[in-house]
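Structural characterization, general
Listed below are the residues making up each chain.
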Amino acid sequence: MGGHALANQDPPLLQDLKLTILSSSVLYPSPPLERRSMFLSNIDQVLNFTVETIHFFAANPDFQSEVVVERLRSAVERVLVPYDFLAGRLRLEDKEGRLEIDCNSAGVDFLVAESKLKLDEIGELEYPNPVFRQLAAAGAVQEGMKMEDQPLCSFQLTFFKCGGFALGISNNHVTFDGMSFKNFLQNLAYLAAAGDNDTLPTPPFTNRHLLSTRCPPRVTFPHPELFETPSSAMLELSPSTTRLNFKLLRLSAANISSLKLLSQPHSTRPTSFNVVVAHLWRCKSLSLWPPAEDPKRTSMVLYAVDIRKKVSPPLPPEYAGNAVLTAYGAASVEEVGKGEFGKVVEAVAKGAERMENEYARSVVDWGTLHRGFPKGDMFVSSWWKLGFADVEFPWGKALYVCPVAQPRKDIVLLFPSIGGVDKGVNVLVALPKEEMERFEEYFYKLLPTDE
């Protein structure tokens with residue numbers, strides 16, 4: 001454990017990236033498009049919030065800043081033709097008051113900025129510094145701006161003194177889930193390199209009626225992972241009023257392999273994801289031990305599952321929208337904290353196993369009959385294997401891609417390590433101070449050692 005303690009000291013965080021905005025413009029689909037309304041599924045309906053993603057690139061002498069700006073500007077204007085909804089605006093449709101996208105070609109914001117710093121002066125890229133939000137400032141929601149006027153997507157290029165640069169993309173989550181955003185990035189990169197050829201490698205499938213509610217809606221399963229609330233506010237994603245500490249904890253590839261071994265013989269599905277989630281769930285349970293409540297209480301860990309291949313008929317892989325639902329693992333607090341680790345891994349695995357067609361359709365229909373959100377002891381949001389850094393732009397692949405993290409209690413984020421998924425995983429945890437200290441202690445203490 002001694003090595004972990006040294007490796008896990010929090011680095012000093014830079015407070016200001018010393019940016020100057022060089023230009024600000026609005027880009028429109030080219031050529032112009034006919035206006036239309038776009039249906040949003042029940043999954044999309046509850047994801048009306050902004051996601052900011054920062055892509056860091058090394059300097060490339062063949063692509064000076066002016067060339068990068070021009071290539072990206074042209075690619076965005078052209079990609080907005082097949083992705084017309086990105087240039088649209090949210091609105092409430094008249095009949096039921098549901099959110100829909102008015103594909104009105106109102107445009108996306110495009111900012112160019114420069115920093116007085118070099119890329120290697122801004123700190124460790126893997127560490128989620130809140131100041132990185134300055135690299136996606138184009139997407140900041142302006143106070144007083146009506147929903148109908150707020151852009152759904154924005155782009156910001158920031159050039160550093162060394163020639164390296166960052167591409168910050170800010171988008172409303174109603175536009176994409178992780179897989180469809182990866183497809184979007186691949187299409188954008190292709191257009192940035194393709195000259196006049198607008199034939200996309202992965203044309204988006206934009207008909208979200210494939211995830212419509214059945215008529216009449218049929219909730220055919222109990223859904224303990226969903227919490228009904230009279231409010232339309234997303235309670236579980238609201239910033240906590242409790243002062244939170246946040247830490248980046250790391251699991252190496254060797255740590256993950258040792259967790260897989262530890263799960264045997266009780267687990268038949270010890271995937272990397274399942275064992276990491278089980279380990280985090282166990283740390284969460286023990287960090288509250290002895291529990292203030294009954295140790296027999298049912299604890300739930302939540303995580304997202306892609307349902308493109310789960311529903312029948314399957315969704316096209318090019319489905320551009322949100323096709324993820326919340327799966328859950330359930331066990332008593334005591335079983336999670338003190339039971340066999342392999343059984344905890346199995347409880348996690350059952351979440352994805354449960355998410356077959358009828359269960360997924362039941363969740364979608366639940367969203368028509370009720371208003372609510374997922375609720376559990378911990379939600380694990382994984383960016384680990386989405387592969388954003390694998391996208392090849394004309395100026396190369398990103399050094400690193402990360403979201404701008406807003407630490408929230410009991411929402412744990414998984415990020416890849418620099419070098420790819422085979423190098424291990426970074427875990428961002430936000431908890432009150434004392435609980436965080438216990439969580440971090442168990443995080444390393446419970447890892448098997450070779451000794």
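Values in this document were obtained by computation on a predicted structure and should not be read as measured data.

About the thresholds
Residues numbered from 1 in each chain as written. Predicted model: local features only at pLDDT ≥ 70, side-chain atom pairs only at ≥ 80, totals over all residues. Heavy atoms only, no water. Helix = DSSP H or I, 4+ residues; strand = E, 2+ residues; numbered from the N terminus. Rg over C-alpha atoms; globule rule 2.2 N^0.38 Å. Contact = heavy atoms within 4.5 Å. Areas by Shrake-Rupley, 256 points an atom, 1.4 Å probe, with all protein chains shown as cover. Lys, Arg positive; Asp, Glu negative; His and termini not counted. Charge placed at Lys NZ, Arg CZ, Asp CG, Glu CD. Pairing = 2+ DSSP bridges. Axes fitted to C-alpha atoms, helices over the stretch in contact; angles between N-to-C directions. Salt bridge = Lys/Arg side-chain N within 4 Å of Asp/Glu carboxyl O. Buried < 20%, exposed > 50% of the residue type's maximum accessible area, 1.4 Å probe, protein only. Phe/Tyr/Trp six-rings, centres within 6.5 Å; stacked < 30°, edge-to-face > 60°. Lys NZ or Arg CZ within 6 Å of the ring centre and 35° of its normal. Core = buried A, V, L, I, M, F, W, Y, C linked by side-chain atoms within 4.5 Å. Parallel < 35°, antiparallel > 145°, perpendicular 65-115°, else oblique. Left-handed = near helix turned anticlockwise from the far one by under 90°.

**Some words on the overall build of the protein**
Helices and strands together make up the secondary structure of the protein, namely 10 helices and 19 strands. Over its C-alpha trace the protein gives a radius of gyration of 22 Å, about what one expects of a compact globule, namely 22 Å for 451 residues. Counted over contacts in the protein with a minimum sequence separation of 6, partners at least 24 positions apart contribute 81%. Of the accessible surface of the protein, which amounts to about 20300 Å², a share of 53% is contributed by carbon and sulfur atoms. Treating the 46 positive side-chain charges of the protein as one cloud and the 54 negative ones as another, the clouds have centres 2 Å apart.

**Section: the sheet that holds strand β7 (residues 153–159)**
Read from one edge of the open sheet, 6 strands run β1-β6-β7-β8-β3-β17, paired in mixed fashion. Both outer strands of the open sheet, β1 (19–27) and β17 (400–403), are each paired with one neighbouring strand and no more. Strand-to-strand, the axes of this sheet are offset by a mean angle of 15°, without reference to chain direction. Note: β1 against strand β6 (residues 108–115), 8 bridges, orientation antiparallel. Residue Ser 24 lies in a different strand from β6, and its bridge partner there is Leu 111. Running over the sheet, helix α3 (residues 65–79) touches β1, β6, β7 and β8 (165–172) and is turned about 170° from β7.

**Overview of the pattern of salt bridges**
What the rule picks out here adds up to 23 salt bridges. A salt bridge links Arg 250 to Glu 124, with the nearest nitrogen and oxygen atoms 2.4 Å apart. In this pair, Arg 250 is assigned in strand β10 (residues 245–252) and Glu 124 in the loop between β6 and β7, connecting sequence segments 126 residues apart. The partly exposed category is assigned to Arg 250, whose relative accessible area is 23%.

**Description of the pairing of β6**
Taken across its 8 residues, β6 has 7 buried, putting it largely inside the fold. Where β6 meets β7, 6 bridges bridge the pair, whose relative direction is parallel. Residue pairing in the sheet places Val 112 in a bridge with Leu 157 of β7.

**Notes on the packing of aromatic side chains**
Taken as a whole, this structure holds 23 aromatic pairs when the rule is applied. Ring plane angle 15° and centroid distance 5.5 Å describe the contact between Phe 393 and Trp 395, whose orientation is recorded as stacked. Look at Phe 393 and you get buried, because its relative accessible area is 3%. In textbook terms, an aromatic cluster arises when at least three aromatic residues are bridged by ring pairs, as seen for Tyr 83, Phe 85, Phe 155, Phe 176, Phe 181, Phe 184, Trp 383 and Phe 388. One Lys or Arg, Arg 354, reaches over the ring of Tyr 328 and ends 3.9 Å from the middle of that ring. Directly above the aromatic system of Trp 384 lies the positively charged group of Lys 385, at a separation of 4.6 Å from the ring centroid.

**A word on the environment of Arg 71**
Along the polypeptide, Arg 71 turns up in helix α3. Spatially, the C-alpha atom of Arg 71 lies 5.2 Å from that of Ala 192, the residues being 121 residues apart in sequence. Excluding its chain neighbours within four sequence positions, the residues that come into contact with Arg 71 are Phe 63, Ala 192, Ala 193, Pro 394 and Trp 395.

**A word on the nonpolar core**
The biggest cluster of nonpolar side chains holds 73 residues, and the ones touching the most others in it are Phe 56 and Phe 155. Here this core gets 7 residues from one element, more than from any other, and that element is helix α4 (residues 178–193). Sequence-distant contacts of Phe 56, defined by excluding residues within four places in its chain, comprise Leu 119, Ile 122, Leu 125, Phe 132, Leu 135, Phe 165, Ala 166, Ala 398, Leu 399, Tyr 400 and Cys 402. Counting 57 residues, the second largest nonpolar core, distinct from the first, contains Val 277, Leu 325, Leu 414 and Phe 443.

**Digging into the side chain of Asn 187**
Relative to the elements of secondary structure, Asn 187 occurs in helix α4. Under the relative-accessibility criterion, Asn 187 is labelled buried at 0%. Among all residues touching Asn 187, those that are not within four sequence positions of it are Val 79, Tyr 83, Leu 200, Pro 201, Thr 202 and Pro 204.

**What about the packing of α3 against α4?**
Relative orientation of the contacting elements α3 and α4 amounts to 125°, with a least axis distance of 8 Å. By the angle between their directions, the pair α3 and α4 is classed as oblique. Two packed elements cross with a definite hand, and for α3 against α4 that hand is right-handed. Contact residues: α3 offers Arg 71, Leu 72, Ala 75, Val 76, Arg 78 and Val 79, while α4 offers Phe 184, Asn 187, Leu 188, Leu 191, Ala 192 and Ala 193.

**Notes on the environment of Ala 323**
Tracing the sequence through the fold places Ala 323 in the loop between β11 (298–306) and β12 (324–332). Of the residues examined, Ala 323 reaches a relative accessible area of 0% and is grouped as buried. Along the backbone, Ala 323 and Val 364 are 41 residues apart, and their C-alpha atoms lie at a distance of 11 Å. Contact partners of Ala 323, with chain neighbours within four places excluded, come to Asp 177, Leu 211, Val 305, Asp 306, Ile 307, Arg 308 and Leu 315.

**Thoughts on the sheet that holds strand β14 (residues 378–382)**
Spatially, 6 strands are ordered β10-β19-β18-β14-β11-β12 in an open sheet, and the strand pairing comes out mixed. Across the chains shown, the open sheet's two edge strands, defined by having one partner strand only, are β10 and β12. Shown here is a sheet whose adjacent strand axes are inclined to one another by a mean of 25°, direction ignored. Relative to strand β19 (residues 424–431), β10 is paired through 8 bridges, and the arrangement is antiparallel. Of the residues in β19, the one forming a bridge with Leu 249 is Val 427. Packing of helix α10 (residues 433–445) onto the sheet brings it into contact with β10, β14 and β19, and relative to β10 it is tilted by some 5°.

No statement about biological role is implied by the geometric values presented.
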